[in-house]
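Spelled out from the first residue to the last, the chains are:
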Amino acid sequence: MTAKAPAAPVAGQVCPPRAYSHSRVQLFRFSAVSWNAHRIHYDAEFAASEGFADVVVQSTLHGEMLGRYALEWAGPGARLTSVSRRNRATAVAGEPLTWTGTVHTAEPCDGGVRVTLDVSVFKDDGAPCVTGQVGLTWRAARTSPSAESSAGRATS
């Protein structure tokens, strides 16, 4: 028995929203791996002296989240091709954020679909924090009949 492949994305399709927040530890680690030494991203006392409620989410981390949630929505056959974003407001550690996306375009390409998503991250009060577009190529996940038949077999 083969699993039914999900339907290809279509223009106007709305992606389920994703709620999340960033911890101080996550922001510290992201600063380390991205070589971002600005103290507002990992030192709460310094961030407060600069007028922020807590350590500040890096703009590049916002971009990473746009791509991450788009790929999770699209599934295992998807590949990221582009991310563009505009930061509209500052977010801080622990602040509730919500990723949203809508399929802007979906065009056939090389056995799949080239998809452009209009994406946003909203703050808890509904204000946009980040807006942008994510490009990806989507292909239905393929299952191998031999992999399915061997999945139930015991091995010694």
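Up top you'll find the structure we're talking about.
Residues numbered from 1 in each chain as written. Predicted model: local features only at pLDDT ≥ 70, side-chain atom pairs only at ≥ 80, totals over all residues. Heavy atoms only, no water.

A.B. asks: Would you take a moment to explain the packing of aromatic side chains for this structure?
C.D. replies: Within a pair of aromatic rings, the relevant descriptors are the distance that separates the centres and the angle that separates the planes. Throughout the structure, instances matching the rule amount to three aromatic pairs. An angle of 50° between the planes, with centres 5.2 Å apart, marks the rings of Tyr 20 and Tyr 69 as tilted. Here Tyr 69 lies in helix 3 (residues 59-74) and Tyr 20 lies in strand 1 (residues 14-20), a separation of 49 residues in the sequence. Accessibility classification places Tyr 20 together with Tyr 69 in one group, the buried group. Ring pairing ties together the aromatic residues Tyr 20, Tyr 69 and Trp 99, which thus form one cluster. (Phe/Tyr/Trp six-rings, centres within 6.5 Å; stacked < 30°, edge-to-face > 60°. Helix = DSSP H or I, 4+ residues; strand = E, 2+ residues; numbered from the N terminus. Buried < 20%, exposed > 50% of the residue type's maximum accessible area, 1.4 Å probe, protein only.)

A.B. asks: Honestly, the pattern of salt bridges in this entry has me stumped. Any pointers?
C.D. replies: Side chains bearing opposite charge may pair, as long as their charged atoms lie close to each other. This model, assessed by the stated rule, comprises five salt bridges. Asp 54 is the partner of Arg 24 in a salt bridge, and the nearest nitrogen-oxygen pair spans 2.9 Å. Placement of Arg 24 in helix 1 (residues 24-33) and of Asp 54 in the loop between helix 2 (44-49) and helix 3 is noted, with a sequence separation of 30 residues between them. On the basis of relative accessibility, which here comes to 48%, the residue Arg 24 falls in the partly exposed class. Since its relative accessible area comes to 12%, Asp 54 is described here as buried. Between Arg 68 and Glu 64 there is a salt bridge; the shortest N-O distance is 3.0 Å. One end of the pair is Arg 68 and the other is Glu 64, both in helix 3 and four residues apart, which spans about a single turn. (Salt bridge = Lys/Arg side-chain N within 4 Å of Asp/Glu carboxyl O.)

A.B. asks: So what exactly am I meant to see when it comes to the sheet that holds strand 5 (residues 128-138) here?
C.D. replies: As a general point, the strands of a sheet are linked pairwise by backbone hydrogen bonds and lie either parallel or antiparallel. Strand order in this open sheet of five strands is 1-3-4-5-2, and the pairing throughout is antiparallel. Of all the strands in the sheet, the pair left with one neighbour each is strand 1 and strand 2 (79-87). Going from strand to strand, the sheet's axes swing by 20° on average, the running direction of each strand aside. Inspection of the sheet shows strand 1 paired to strand 3 (residues 97-109) by five bridges, in the antiparallel sense. Of the residues in strand 3, the one forming a bridge with Tyr 20 is Leu 97. On the sheet, helix 3 packs against strand 1, strand 2, strand 3, strand 4 (112-123) and strand 5 and is oriented at approximately 140° with respect to strand 2. (Pairing = 2+ DSSP bridges. Axes fitted to C-alpha atoms, helices over the stretch in contact; angles between N-to-C directions. Contact = heavy atoms within 4.5 Å.)

A.B. asks: Would you mind going over unusual backbone geometry with me for this structure?
C.D. replies: The bulk of non-glycine residues show a negative phi, and the bulk of peptide bonds are trans. A positive phi angle, near 55°, is found at Trp 35, a position not held by glycine. Tracing the sequence through the fold places Trp 35 in the loop between helix 1 and helix 2. Relative accessible area serves as the criterion here: at 79%, Trp 35 is assigned to the exposed category.

A.B. asks: Any chance you could explain helix 3 here in plain terms?
C.D. replies: Structurally, the α-helix is built with 3.6 residues per turn, so residues lying three or four positions apart point the same way. Helix length check: helix 3 (16 residues) gives 23 Å between terminal C-alpha atoms against 22 Å at 1.5 Å per residue, within 8%. When we look at burial in helix 3, the residues that qualify are Leu 61, His 62, Gly 63, Met 65, Leu 66, Gly 67, Tyr 69, Ala 70 and Ala 74. In this fold, the buried residues of helix 3 make contact with strand 1, helix 1, strand 2, strand 3, strand 4 and strand 5. Looking one or two residues past helix 3, Gly 75 carries a phi angle of roughly 95°, positive in sign. (Expected span 1.5 Å × (residues − 1).)

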